[in-house]
Amino acid sequence: MDNMDVLRQQCLQCRKCRLGATRTNVVFGVGPVPSPIVFVGEGPGQQEDLQGEPFVGAAGRLLDEMLSIIDLGRHNCYIANIVKCRPPQNRDPMQDEQDACIVYLNEQLALLRPKIIVCLGRIAAMRLIKEDFRITREHGQWFSKDGIEYTALYHPSALLRDISKRPDTFADLLSLRKKAQSLGLPIV
Ligand code: URA
């Protein structure tokens, strides 16, 4: 078993917060290790909880389309979430739930050694970029921290609800491609 598998096994046993009591499956994350580009969502929804994989429901299908715009596929980036278990009724994960779970993401990131982290939505951006992140104002901007380039896109669920946000996301995806190219990452 490699280090990511060991971490996955620990995570699958986790009961550190109340979400452990209501989940069907832990949604640990998928993708190659290491991975130069990592996408981080907020937490599993119903389909993810049932299948144990991130972004496999309606929002996930849109994420796949977003990735294909810049010739990225699920197989060549890592996808994870801030919390690994589904918050009931898809509510936002609470602060103490995020605090309990973030250790897993931090350990994943240590093993993944990404050059770019893309936050999907406000919750991930507030946790990984800065506490007062404003998604409407700051999506698509770049933030450098500890040798990693961070950006945030509107969450795919937000893009399903409000298609007027999609042109901005298209521009943000092109900016992501440009940044990846400038870092010499394998993306066309
Ligand atoms: N929304 C998220 O933030 N993550 C998922 O895995 C699915 C939907």
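Refer to the structure printed above.
Residues numbered from 1 in each chain as written. Predicted model: local features only at pLDDT ≥ 70, side-chain atom pairs only at ≥ 80, totals over all residues. Heavy atoms only, no water.

Caption draft 1: Layout of helix H4 (residues 58–69). With 12 residues, H4 ought to run about 16 Å at 1.5 Å a step, and its terminal C-alpha atoms sit 17 Å apart, in line with that. Taken residue by residue, H4 has Ala59, Gly60, Leu62, Leu63, Met66 and Leu67 as its buried positions. Taken down its axis, H4 places every buried residue within 160 degrees of arc, on the same side. What points out from H4, more than 90 degrees from its buried face, is the exposed set Arg61 and Glu65. Buried positions along H4 lie against strand E1 (37–41), strand E2 (78–81), strand E3 (116–120), strand E5 (148–153), helix H8 (156–161) and helix H9 (166–182). Immediately beyond the C-terminal end of H4, within one or two residues, lies aspartate 71, with a positive phi of roughly 60 degrees. (Helix = DSSP H or I, 4+ residues; strand = E, 2+ residues; numbered from the N terminus. Expected span 1.5 Å × (residues − 1). Buried < 20%, exposed > 50% of the residue type's maximum accessible area, 1.4 Å probe, protein only. Arc of directions from axis to C-beta. Contact = heavy atoms within 4.5 Å.)

Caption draft 2: Quick look at the site of the ligand. Neighbouring the ligand are the residues Gly41, Glu42, Gly43, Glu48, Pro54, Phe55, Asn81 and His155. Within the backbone of glycine 43, an N or O atom sits 3.0 Å from a nitrogen atom of the ligand. Burial of the ligand by the protein chains amounts to 94% of its free accessible area of 240 Å². Taken together, the residues of the shell around the ligand sort by class into 2 nonpolar, 4 polar and 2 charged. (Near = heavy atom within 4 Å. Polar contact = N/O pair within 3.5 Å; in protein donor to acceptor, adjacent residues only side chain to side chain. Areas by Shrake-Rupley, 256 points an atom, 1.4 Å probe, with all protein chains shown as cover. Nonpolar A, V, L, I, M, F, W, Y, C, P; charged D, E, K, R; others polar.)

Caption draft 3: Just the packing of H4 against H9, in detail. Contact pair H4 / H9: the axes reach a minimum separation of 9 Å and the direction vectors enclose 50 degrees. With respect to H9, the element H4 is oriented oblique. Here H4 and H9 pass one another in a crossing that is right-handed. On the side of H4, the interface is formed by Leu62, Met66 and Ile69, while H9 contributes Arg166, Thr169, Phe170, Leu173 and Arg177. (Axes fitted to C-alpha atoms, helices over the stretch in contact; angles between N-to-C directions. Parallel < 35°, antiparallel > 145°, perpendicular 65-115°, else oblique. Left-handed = near helix turned anticlockwise from the far one by under 90°.)

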